[in-house]
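Topology and contacts: notes
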Amino acid sequence: MLKRLKTDFRLSIITILGTSAFLGITPFAIMRFVQGNLVAGAIDTAILVTIFGGMAYAWITGDTRRSGMVLAFIACSGAVAVAATVGEVGLFWLYPCLVTTFFLVKPRIATVLNLCSIAAMMAQREVFQTQVQMWTFAATALVVSATAFAFAQRTDNQRERLEQLATIDPLTGVKNRRAMDEELILAAAHATRTGLPYALVMLDIDHFKTVNDEYGHGVGDGVLVDLVSLVQQHTRQSDQLFRYGGEEFVLLLPGVDGAGLTAVMNNLQHSLRTKLKHPGGAATVSFGVALLSAGEPVENWIERADTALYRAKEAGRDQVVFAEAKSSSSPGLLMASPG
Ligand SMILES: Nc1nc2c(ncn2[C@@H]2O[C@H](COP(=O)(O)OP(=O)(O)OP(=O)(O)O)[C@@H](O)[C@H]2O)c(=O)[nH]1
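Residues numbered from 1 in each chain as written. Predicted model: local features only at pLDDT ≥ 70, side-chain atom pairs only at ≥ 80, totals over all residues. Heavy atoms only, no water.

Under the annotation held in an unreviewed UniProt entry, the protein chain carries the name diguanylate cyclase and is attributed to Marinobacter aromaticivorans. Taken from UniProt, the Catalytic activity (unreviewed entry) comment for the protein chain reads in full: "2 GTP = 3',3'-c-di-GMP + 2 diphosphate". (UniProt positions renumbered as here; feature names shortened; annotations may be inferred.)

Dropping the structure here:
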């Protein structure tokens, strides 16, 4: 439970909101019922129940986006409703809501929600004792919203940048191994659910060390960039390329098997063979291909593709080798095509 709170920022905000609502609103709800103000008591209770319901939904389903949206709306409209029933004290409740919205929904939605809440509050003239008080409220509420917006926008940008640094290979711009691990798990789960075939291709430039040694690391880098661009040009948009490490890449091909897969691989091999160059001539690539078997663990799938690649290297390089589809842990090989 603590781990979820630490790793899921929005869930932690929803939990803080739920707990604060319980501690902050319950005494008022009781007091209003005791004082005979049934409408205000019912509004407080409705806010409490909805916020609690939203918090429970977020914890059970993990869907913090939807519950965050509902809670942001309920918190703001709740503060406006409290002001409508008990007067200016409702104004104070709006301030924490104006800040919280930015942690629950996207900055643009939060801005619209805040402006609507401020306008709805100002529309109730009887809440304010004087015009000066009303405009002071408007000014301070806008300052709070603008500050929260700036903070949320900055946090969003930093989160995106961090995500990019953690998942994108800076040289080639494709996703790295960490992102690949997550995508392969998703692909395996999708395959189990839908029965869609998934092929994993491990590809590695042949004698790449010689390119680096003879022409320099900069030229080697250029060949890696060219390889990525060529693979992307000759595969579908739904196919994903990852940098597995060094000069080794992984290509994930959804929805292709049998003769279709053989055709894709022959086409890719032909294109790279004719178009991938270094200053000394053509650069060739070896491929190990494995189709995901039913219920196969992802590590086993990668291992079979890796073993097929190893066989392609052993067989003289510039080869496509298909791993045999099998569920046992020892990866077998179906066929090798010298192309
Ligand atoms: N230029 C460049 N070279 C890299 C990068 N990452 C790894 N390498 C080089 O890739 C080379 C890999 O060499 P090896 O593992 O011996 O493989 P190889 O020479 O391609 O031989 P085979 O794979 O057996 O055909 C090493 O020289 C690494 O320094 C990179 O980001 N840029």
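Before going further, it helps to examine helix α4 (residues 64-86). The end-to-end C-alpha separation of α4 is 31 Å, in line with the 33 Å expected for 23 residues at 1.5 Å each. The N-terminus of α4 is capped by Asp63, whose side-chain oxygen sits 3.4 Å from the backbone nitrogen of Arg65. A positive backbone phi angle near 90° is found at Gly87, which sits one or two residues after α4. (Helix = DSSP H or I, 4+ residues; strand = E, 2+ residues; numbered from the N terminus. Expected span 1.5 Å × (residues − 1). Polar contact = N/O pair within 3.5 Å; in protein donor to acceptor, adjacent residues only side chain to side chain.)

Further remarks concern the packing of aromatic side chains. For the structure on display, the rule yields seven aromatic pairs. Note on Phe103 and Phe151: the rings are 6.2 Å apart at their centroids and 75° apart in plane angle, and the pair reads as edge-to-face. Here Phe151 lies in helix α7 (residues 131-167) and Phe103 lies in helix α5 (residues 89-104), a separation of 48 residues in the sequence. Each residue in the set Phe9, Phe103 and Phe151 is aromatic and connected to the rest through ring pairs, giving one cluster. (Phe/Tyr/Trp six-rings, centres within 6.5 Å; stacked < 30°, edge-to-face > 60°.)

Core analysis: the biggest nonpolar cluster contains 41 residues, and Leu94, Leu104, Ile118, Met121, Phe128 and Phe137 have the highest contact counts within it. Of all the elements, α4 adds the most residues to this core, at nine residues. (Core = buried A, V, L, I, M, F, W, Y, C linked by side-chain atoms within 4.5 Å. Buried < 20%, exposed > 50% of the residue type's maximum accessible area, 1.4 Å probe, protein only.)

With that out of the way, let us pick up the site of the ligand. Close contacts around the ligand come from 16 residues, with His207, Phe208, Asp221, Arg243 and Arg317 the closest. Lys209 is positioned with one of its backbone polar atoms (N or O) 2.8 Å from an oxygen atom of the ligand. At a separation of 2.8 Å, a nitrogen atom of the ligand approaches a polar side-chain atom of Asn212. Breaking the shell around the ligand down by element, the ones donating at least two residues are β1 (198-205), α9 (208-215) and α10 (217-233). With four residues, α10 is the single largest residue contributor to the shell around the ligand. (Near = heavy atom within 4 Å.)

This part is about the confidence of the model for the protein chain. Mean pLDDT for the protein chain: 90, with 96% of residues reaching 70 or above. Put simply, strand β8 (residues 333-337) is where the protein chain has its lowest mean pLDDT, 45, and strand β3 (residues 248-254) is where it has its highest, 98. A low-confidence stretch, residues 328-339 stays under pLDDT 50, and its non-local contacts, those more than four residues away or across chains, total 33 contacts. (pLDDT = per-residue confidence, 0-100. Contact = heavy atoms within 4.5 Å.)

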